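Examining the three-dimensional arrangement
What follows is the residue order along each chain.
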Amino acid sequence: MTDSQSQTYTQTLVIAIIDRAALDSRLKTLWAGMATALSGKNLGLSQSFLLDKAEGGYEKVFYLLLPHMPAIVPGFSAPETVETGLNYAEYAIGETIDGTDRVFLIQLLRDARGVWKVEGM
């Protein structure tokens, strides 16, 4: 690049290209792994799918619900994509509770190491 005083500059840009279909598949597989861990009542494995900062907030909830997860998880619908981006994704799962259809949102973030984890549900 040359400016108006004929000074030459070099600028480096990083361009990230996302294959949304591949990312979508990978993130749905991540959610399936977490759901399987919950259904199998594996607290440690379940928490490994969470961002470090989210682990503490879900530890007590997982502990209390874990005995019931084998009955809860099969009621989840397949995740539907709401939004995907370079570092953030959101999915919706449905479940019928006491005859009422409910939708739950799952937020995933890519951490500083580039690893996708569940940030919130």
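Look up a bit, the structure's there.
A few words now on the side chain of Gln47. Relative to the elements of secondary structure, Gln47 occurs in helix α2 (residues 43-48). Of the residues examined, Gln47 reaches a relative accessible area of 10% and is grouped as buried.

Our focus in this paragraph is the sheet that holds strand β1 (residues 80-84). Taken together, four strands build an open sheet; the order of strands is β1-β2-β3-β4 and the sheet is antiparallel. The open sheet terminates on both sides in strands that have one partner only, identified here as β1 and β4 (116-120). This sheet shows a mean twist of 30° between the axes of neighbouring strands, independent of strand direction. Sheet topology note: the strand β3 (residues 100-110)/β4 ladder contains four bridges and is antiparallel.

Let's shift gears to the environment of Leu30. Among the secondary structure elements, Leu30 is positioned in helix α1 (residues 20-39). Once the C-alpha coordinates of Leu30 and Val115 are considered, the two residues, 85 residues apart in sequence, prove to be 11 Å apart. Look past the residues within four positions of Leu30 in its chain and what remains in contact with it is Phe49, Leu108, Trp116, Lys117 and Val118.

So, on to the packing of aromatic side chains. One pass over the full model with this rule turns up two aromatic pairs. Taking 6.2 Å as the distance between ring centres and 35° as the angle between the ring planes, the aromatic pair formed by Trp31 and Phe76 counts as tilted. A residue pair is termed long-range when its members are at least 10 positions apart, and Trp31 in helix α1 and Phe76 in the loop between α4 (69-72) and β1 qualify at 45 residues. Judged by relative accessible area, which is 8%, Trp31 ranks as buried. Consider the rings of Tyr58 and Phe62, whose centres lie 5.8 Å apart with planes at 40°: the pair is tilted. You can see Tyr58 and its partner Phe62 sitting in helix α3 (residues 52-65), four residues apart, about one turn around the helix. An identical accessibility class is assigned to Tyr58 and Phe62; each is buried.

Calculation criteria
- Residue numbers here run from 1 along each chain, matching the order of that chain's written sequence.
- Selection of residues for local features in this predicted model requires a pLDDT of at least 70, selection of side-chain atom pairs for listing and counting requires 80 or more, and totals for whole chains, interfaces and linings are taken over all residues.
- The basis for every side-chain value is the complete set of non-hydrogen atoms in the structure, without hydrogens or water.
- Secondary structure elements follow DSSP: runs of H or I no shorter than four residues count as helices, runs of E no shorter than two count as strands, and numbering proceeds from the N terminus.
- Per-residue accessibility, obtained with a 1.4 Å probe over protein chains only, is compared with the maximum for each type, and a residue is labelled buried under 20%, exposed over 50%, and partly exposed between these values.
- Two strands qualify as a pair provided DSSP detects at least 2 bridges between them.
- Interaxial angle, 0 to 180 degrees, is taken between N-to-C directions of lines fitted to C-alpha atoms, where a helix line uses only the stretch in contact.
- Residue contacts follow a heavy-atom distance rule, with two residues in contact if any of their heavy atoms lie within 4.5 Å.
- The aromatic pairing rule takes the rings of Phe, Tyr and Trp, using the six-membered ring of Trp, and pairs them if the centres are within 6.5 Å, calling planes under 30 degrees apart stacked, those over 60 edge-to-face and the rest tilted.

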